[in-house]
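One letter stands for each residue in the lines below.
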Amino acid sequence: MADVECRTERRNRPGTKTVEYYRWPEELFEEMDSTLAVQQYIQQLIRKDFTAIDEILKAPDSQDEGVWKYEHLRQFCMELNGIAVKLQNECHPESCTQMTATDQWIFLCAAHKTPKECPAIDYTRHTLDGAACLLNSNKYFPSRISIKESSVAKLGSVCRRVYRIFSHAYFHHRNLFDEFENETFLCRRFTEFVTKYNLMSKEILIVPIFEEVDTSGFIGHAAESEAYGRMEKLSEG
Amino acid sequence: MKIPESGTMEDGPNSAPHNGQLGPSGVGTSSSSVKVNNSDENNPRLQYSIPGILHFIQHEWARFEMERSQWEVERAELQARIAFLQGERKGQENLKNDLVRRIKMLEYALKQERAKYHKLKYGTELQQGDVKPPIFEDGIGGEPVDGESIFITNSNVNWRQGRQLLRQYLQEIGYTDTIIDVRSNRVRSLLGLNPAGTSEKEDQTGGSALNGGATGGTVGGTAGGSAVASSSPGDLSGNSKRLSETQGRRAPAKKVPPASLAEAMIMDTEAAVMANFDFLAQEGVGVEVDDEDDMSDEMEDNTDDDADDAASASNAATSKRNKIKAKNLRDDVDAETEEVLNEFSFLGSDTDDASHELRVQTDTTDWGFSGTSSGGVSRRSVIPAPVTGPAPAGIGAAGETAHLAGLAGLSSSDDEGVDGHLGLGELAQLTVNNEAEVSYDISVNKESFRKTWNAKYTLRSHFDGVRALAFHPVEPVLVTASEDCTLKLWNLQKTIPAKKSASLDVEPVYTFRGHTGPVLCLAMSSSGEQCFSGGLDGSLQCWNIPGSNIDPYDSYDPSVLSNSLLGHTDAVWGLSLHSQKLHLLSSSADGSVRLWNPQSKSPLLSVFTSESDGIPTSVDFVRDNLNQMVTSYNSAACILFDLETGQPVTRLETDKGVEDSVFGRQINRVISHPTLPLTITAHEDRHIRFYDNNTGKLAHAMVAHLDAVTCLAVDPNGLYLLSGSHDCSIRLWNLENKTCVQEITSHRKKFDESIFDVAFHPSKPFIASAGADALAKVFV
């Protein structure tokens, strides 16, 4: 809005149109004096071009790496809500009774006192809720400016768990996954992120996001789409 | 080697005398060993006769005893030193506490000032405010009386006897000497336990060390009257009392002058001090009149918290003493002792550790102890230098009684010294109590004030700014809506214990997922069963709120998202619910305001647009006329519509005064007063404005914040207004006189935004704020 531009007050005032939301002149990271500068900066980069993964993941000079990783993971968990909302409409407890990606593993939901075989949609919601609690925990992350090394170590397990949401969506709800991925590039960014900061081992990054789907994952893909078709029938019935 | 040789007994008689001679003379190890060697060379056989061995053993034993006594002396010295240092520490603590108390007093004064200010400014609340100060004044009125009366009665009774005694003593001895003597006594109190050299004396020394405090009590008691005897606690004090008495008895028998002299001097000083104290007491009274509350508080504390005093004294040694002191206190000699103690602490601070020895020596000469210890002179060389004072006296039998007398004197003087420390301890405790008292007052203050809100719950779980929040109508439950595309349900009764901070952390009991873009606004039904949220993507969702006690990790229930209201084509920024029927108003960046009946098959009831006025920013039902609604626009227009006809009824004169503003014309929020025909608007230009709904005229305008005002809420009774701003603060206003009651800095900035929403709980004393820092806070 004219107002915003002439005064360069970066605000989404009530009445702001969707297209104008967060549409304000970029602010240099060095000029951000807020305690939430890292989040601001990451979101600004994503809004600018969500496909420019390398740029988004490139930490500013002298940025504390723990905080950088933490804020990125917050952003991932936040954006994963989009895929969870989509899954709520498609991934039913009757069809996806377990959290699986390939047939190799059944993932147990860690949100409960004793890990439980939650249906995939519950696993997804619980994992995101649990991540929200952990990442906002006053005990482990009391500050968003400096983070203890012991708390940074917790980020890896959060990454591992939320990654299963990608893998489940990829292997069981491929259309949904592709649609979401095209809108956000989130799985690409996430894969790049955990690889760059060594938060997950390569072997468990099972979504072939950077490979040609037709070649490497062809058989698997066929099988998944079959399963997907079955589910469609179920949901229709 | 020795054993076989010692078997030869026949030669004993010869050697025995020899050794016997050696024995007495050879006190030191070196001399005796030398002798032994010599005898070995000269007459190896004679050397080891039984008597000789016995002698030797006796010698050795005597030597060990000597050494042991030396160690005892040293130990006593160090103990005295410890006592001294403890006393000093107490003194420091006392000083600190005094300062703290002073701070508290000032704080309190400030609070009263504020209360007065409130009284003057705010009519209604004032009544609460009014209630408060009176309570205080009552307390003030009562306390001084108590303090004074206790003070006077006790002091009168206890003093008179003491004073009589003291006067007698005073007549005997000059006053000026006393101060010096007291000083020396004080020093001696540091080393006063030295004399306990021999094993016989050990008990005594132990006793006197222990007695330090107890006898201190007795001295204090005699000064203050007979009270102490009855008050001295438990067997310890009993023993000590007896001991001191026996000492006192013995002392007069053998060495009347020194003992009585010592006592006399002490009494003198006390008397002098008391004379001073009289003076001070008067002053104190005067002070009381001046600073009624403070002084009286203190006095109150003294009397009230005696028991506490005793209990709170924690150090093993000092606690005993303190108890005694506390008892004394109950007899209300405290005031005097305080003064005395002050004096003594003064003196104590003068005496330096380094100068111990010197002073001790001078003391002894002063007191003539060196003379009395003649019996032990021969042994003096044995005893290490620092103990040169009265210590030697203890060993010789002749010097023993003399020494006892000295000891009695010393112990009493010692007591005084200890007293000084004790007094400090007392003082420290007194101030501690004061602290407690003051803090209590403050809490009382808060309770009766009930106007200061404090952050109690921090709601952290959102990943991005919290745009809106709404309370449940009855339960301590609220829902928050965030830019992270979720809504969360919070039960304030389900808290997790937070470390250190006073605020409690709450974890959400449910996360509403349905929006794919930031959630901008929120409204909760008056039943508390449903809530509605509007998103940046133009969606409007209706939710069935799950029970507030559900398991956060229960399985997904799709029925929570009941339905979506379709119609808006751009971000939905404002929502308002009819208070009686389930009708919903929504304002959107698409330029329209829509009225919905969410339960109906065709929920959209009507659409209101006013293209010339721009984009609606906020909407509310007119609460005193539910057939109308009020809408604010980003053009600074604000219009009342008739819901039936869809026509504008009144156009509030919001354009005036806003036009010239450089801050922008935007109205960020409009709300309707719950009972009056009054509309309140929050402006980007930092103002809050009040309009009469009937005339549309401006009723009041005020610069309310340092930055854009973003949100408003009126309490259910219509007496208070809550506003939030991008200046990071929320402010509570009294609606009657439009003055700010409280300001709370609540949230941090993200970009140039800080606080998005505020709310009152409809039926409970909660207020809440939601911020761009992804937190929501609840205040009580």
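An unreviewed UniProt entry annotates chain B as Striatin N-terminal domain-containing protein originating from Daphnia sinensis. In its Sequence similarities (unreviewed entry) section, UniProt records this for chain B: "Belongs to the WD repeat striatin family."

Per an unreviewed UniProt entry, chain A goes by the name EOG090X0BA8 and belongs to Daphnia sinensis.

A. Quick peek at the overall build of chain B. Looking only at helices and strands, chain B has 16 helices and 28 strands in total. Put simply, 60% of the contacts in chain B that link residues at least 6 apart link residues at least 24 apart. Carbon and sulfur atoms make up 55% of the accessible area of chain B, which totals about 32,500 Å².

B. Inspection of the packing of aromatic side chains at higher detail. Residues and elements named next belong to chain A. The full count for this structure, using the stated rule, is 22 aromatic pairs over all chains. For the pair Tyr 170 and Phe 171, a centre-to-centre distance of 4.9 Å together with 85° between the ring planes defines the contact as edge-to-face. When its relative accessible area of 5% is taken as the criterion, Tyr 170 is described as buried. Cation over ring: Arg 47 sits above Tyr 22, and NZ or CZ is 3.4 Å from the ring centre. Of note, Lys 154 hangs over the ring of Tyr 140, and the distance from its end group to the ring centre comes to 4.7 Å.

C. Inspection of the sheet that holds strand 15 (residues 628-633) of chain B at higher detail. Residue and element names in this part refer to chain B. What the 4 strands build is an open sheet, ordered 14-15-16-17; its pairing is antiparallel. Each of the sheet's edge strands pairs with one partner strand only, and the pair in question is strand 14 (616-621) and strand 17 (648-651). Averaged over all adjacent pairs, the angle separating strand axes in this sheet is 25°, with direction ignored. Taken together, the 5 bridges between strand 15 and strand 16 (residues 638-642) define a ladder with antiparallel strand orientation. What sits directly across from Ser 632, in strand 16, is Cys 638.

D. Layout of the sheet that holds strand 24 (residues 729-734) of chain B. Residue and element names in this part refer to chain B. The strand order across the open sheet formed by 4 strands is 22-23-24-25, and the pairing between neighbours is antiparallel. Edge strands, defined here as strands with exactly one partner in the open sheet, are strand 22 (709-714) and strand 25 (739-745). This sheet shows a mean twist of 20° between the axes of neighbouring strands, independent of strand direction. Where strand 24 and strand 25 come together, 6 bridges link them in antiparallel fashion. Counted as the bridge partner of Ile 730 is Ile 744 from strand 25.

E. Layout of the pairing of strand 23 (residues 720-725) of chain B. Residues and elements named next belong to chain B. Counting buried positions along strand 23 gives 6 out of 6 residues, so the element sits mostly inside the fold. As judged from the 5 bridges shared by strand 22 and strand 23, these two strands associate in the antiparallel manner. By the bridge assignment for strand 23, Leu 712 is matched with Ser 723. Connecting strand 22 to the next strand, strand 23, in antiparallel fashion are 5 residues, including Gly 718 with a positive phi near 75°. The pairing of strand 23 with strand 24 spans 5 bridges and is classified as antiparallel.

F. Up close: the pattern of salt bridges. Counted by the stated rule, this structure contains 35 salt bridges over all chains. The partner of Arg 11 of chain A in a salt bridge is Glu 684 of chain B, with the nearest N and O atoms 3.0 Å apart. In this pair, Arg 11 of chain A is assigned in the loop between helix 1 (2-7) and helix 2 (37-48) and Glu 684 of chain B in the loop between strand 19 (678-683) and strand 20 (687-692), connecting two distinct chains. In terms of burial, Arg 11 of chain A and Glu 684 of chain B fall into one category: buried. As a salt-bridge pair, Glu 65 of chain B and Arg 68 of chain B come within 3.8 Å of each other at their nearest N and O atoms. Here Arg 68 of chain B and Glu 65 of chain B lie together in helix 4 (residues 50-121), a separation of 3 residues that amounts to about one turn. Here the salt bridges share partners, and the residues they tie into one network are Glu 9, Arg 11 and Arg 13 of chain A together with Glu 684, Asp 707 and Lys 749 of chain B.

G. Structural view of the nonpolar core. Counting residues in each nonpolar core, the largest one holds 76 residues, and the members touching the most others are Leu 73, Phe 177 and Phe 190 of chain A. For this core, the elements supplying multiple residues, two or more each, are helix 2, helix 3 (53-57), helix 4 (65-90), helix 5 (120-135), helix 7 (155-172), helix 8 (174-184) and helix 9 (186-196) of chain A. Broken down by element, this core gets its largest block of residues, 11 residues, from helix 4 of chain A. Not counting residues within four places of it along the chain, the set of residues in contact with Phe 190 of chain A comprises Leu 73, Phe 76, Cys 159, Val 162, Tyr 163, Phe 166 and Met 200 of chain A. Grouped together as the second largest cluster of nonpolar side chains are 17 residues, Ala 468, Leu 487, Met 524 and Ile 545 of chain B included.

H. How the structure looks around the interface of chain A and chain B. Listed as interface residues are 50 residues of chain A and, on the opposing side, 56 residues of chain B. Note on chain A versus chain B: buried area summed over both sides is about 4,600 Å², and carbon and sulfur give 50% of it. Looking at the side of chain A facing chain B, the largest losses of area belong to Arg 11, Pro 14 and Tyr 21 of chain A, adding up to 14% of the total buried there. One can count 5 salt bridges joining chain A with chain B. Of all the secondary structure elements, the ones that give two or more residues to the side of chain A that touches chain B are helix 1, helix 2, helix 4 and helix 5 of chain A. Residue contributions to the side of chain A that touches chain B peak at 11 residues, all from helix 5 of chain A. The residue makeup of the side of chain A that touches chain B, split by class, is 18 nonpolar, 18 polar and 14 charged.

I. Here's a closer look at the UniProt feature "binding site: Zn(2+)" (unreviewed entry) in chain A. Residue and element names in this part refer to chain A. UniProt's entry tags Cys 91, Cys 96, His 168 and His 173 with the feature "binding site: Zn(2+)" (unreviewed entry), counted in the numbering of this structure. Judged by maximum C-alpha separation, these annotated positions cover 83 residues in sequence but sit close together in space, the widest gap being only 10.2 Å. Within the secondary structure, Cys 91 sits in the loop between helix 4 and strand 1 (99-100). Relative accessible area serves as the criterion here: at 2%, Cys 91 is assigned to the buried category. Discounting residues that sit within four places of it in the chain, Cys 91 has contacts with Cys 96, Ala 120, Ile 121, His 168 and His 173. In this fold, His 168 is placed in helix 7. Residue classification places His 168 among the buried residues on the basis of a relative accessible area of 0%. Setting aside anything within four residues of it in sequence, one finds His 168 in contact with Cys 91, Cys 96, Gln 98, Met 99, Thr 100, Ala 101, Ala 120 and His 173. From its side chain, His 168 meets the backbone oxygen of Thr 100 in a polar contact 2.8 Å long.

J. The UniProt feature "repeat: WD" (unreviewed entry) in chain B, seen in detail. Within this numbering scheme, the UniProt entry marks residues 459-493, 512-545, 565-606 and 702-743 of chain B as carrying the feature "repeat: WD" (unreviewed entry). Each end of residues 512-545 of chain B is marked by a C-alpha atom, and these two atoms are 9 Å apart; helix forms 0% of the span and strand 56%.

K. Spatial organisation of the packing of helix 7 of chain A against helix 9 of chain A. Residue and element names in this part refer to chain A. The geometry of helix 7 relative to helix 9 is characterised by a closest axis approach of 11 Å and an angle of 150° between their N-to-C directions. Here helix 7 lies roughly antiparallel to helix 9, going by the angle between them. The handedness of the crossing between helix 7 and helix 9 comes out as left-handed. Along its contact with helix 7, which presents Cys 159, Val 162, Tyr 163 and Phe 166, the element helix 9 presents Leu 186, Cys 187, Phe 190, Thr 191, Phe 193 and Val 194. Class assignment of the residues belonging to the contact of helix 7 with helix 9 gives a composition of 9 nonpolar, 1 polar and no charged.

L. View of unusual backbone geometry. All names here are of chain A. Residues other than glycine seldom take positive phi values, yet Tyr 22 does so here, at roughly 60°. Here Tyr 22 is to be found in the loop between helix 1 and helix 2. For Tyr 22, a relative accessible area of 8% translates into the label buried. Of note, the phi angle at Phe 185 is positive, near 60°, even though the residue is not glycine. With respect to the helices and strands, the residue Phe 185 is situated in the loop between helix 8 and helix 9.

M. Focus on helix 4 of chain A. Residue and element names in this part refer to chain A. For helix 4, which comprises 26 residues, the first-to-last C-alpha distance of 37 Å matches the rise-based estimate of 38 Å (1.5 Å per residue) to within 8%. The largest bend along helix 4 measures about 25° and falls at Gly 82. Its side-chain oxygen 3.1 Å from the backbone nitrogen of Gly 66, Asp 64 forms the N-cap of helix 4.

What counts, and where the lines are drawn
- Residues numbered from 1 in each chain as written.
- Chains lettered and ligands numbered in written order.
- Predicted model: local features only at pLDDT ≥ 70, side-chain atom pairs only at ≥ 80, totals over all residues.
- Heavy atoms only, no water.
- UniProt positions renumbered as here; feature names shortened; annotations may be inferred.
- Helix = DSSP H or I, 4+ residues; strand = E, 2+ residues; numbered from the N terminus.
- Contact = heavy atoms within 4.5 Å.
- Areas by Shrake-Rupley, 256 points an atom, 1.4 Å probe, with all protein chains shown as cover.
- Phe/Tyr/Trp six-rings, centres within 6.5 Å; stacked < 30°, edge-to-face > 60°.
- Buried < 20%, exposed > 50% of the residue type's maximum accessible area, 1.4 Å probe, protein only.
- Lys NZ or Arg CZ within 6 Å of the ring centre and 35° of its normal.
- Pairing = 2+ DSSP bridges.
- Axes fitted to C-alpha atoms, helices over the stretch in contact; angles between N-to-C directions.
- Salt bridge = Lys/Arg side-chain N within 4 Å of Asp/Glu carboxyl O.
- Core = buried A, V, L, I, M, F, W, Y, C linked by side-chain atoms within 4.5 Å.
- Buried area = accessible area lost by both parts, 1.4 Å probe.
- Nonpolar A, V, L, I, M, F, W, Y, C, P; charged D, E, K, R; others polar.
- Polar contact = N/O pair within 3.5 Å; in protein donor to acceptor, adjacent residues only side chain to side chain.
- Parallel < 35°, antiparallel > 145°, perpendicular 65-115°, else oblique.
- Left-handed = near helix turned anticlockwise from the far one by under 90°.
- Expected span 1.5 Å × (residues − 1).
- Bend = angle between axes of the 7 residues up to and from the residue.

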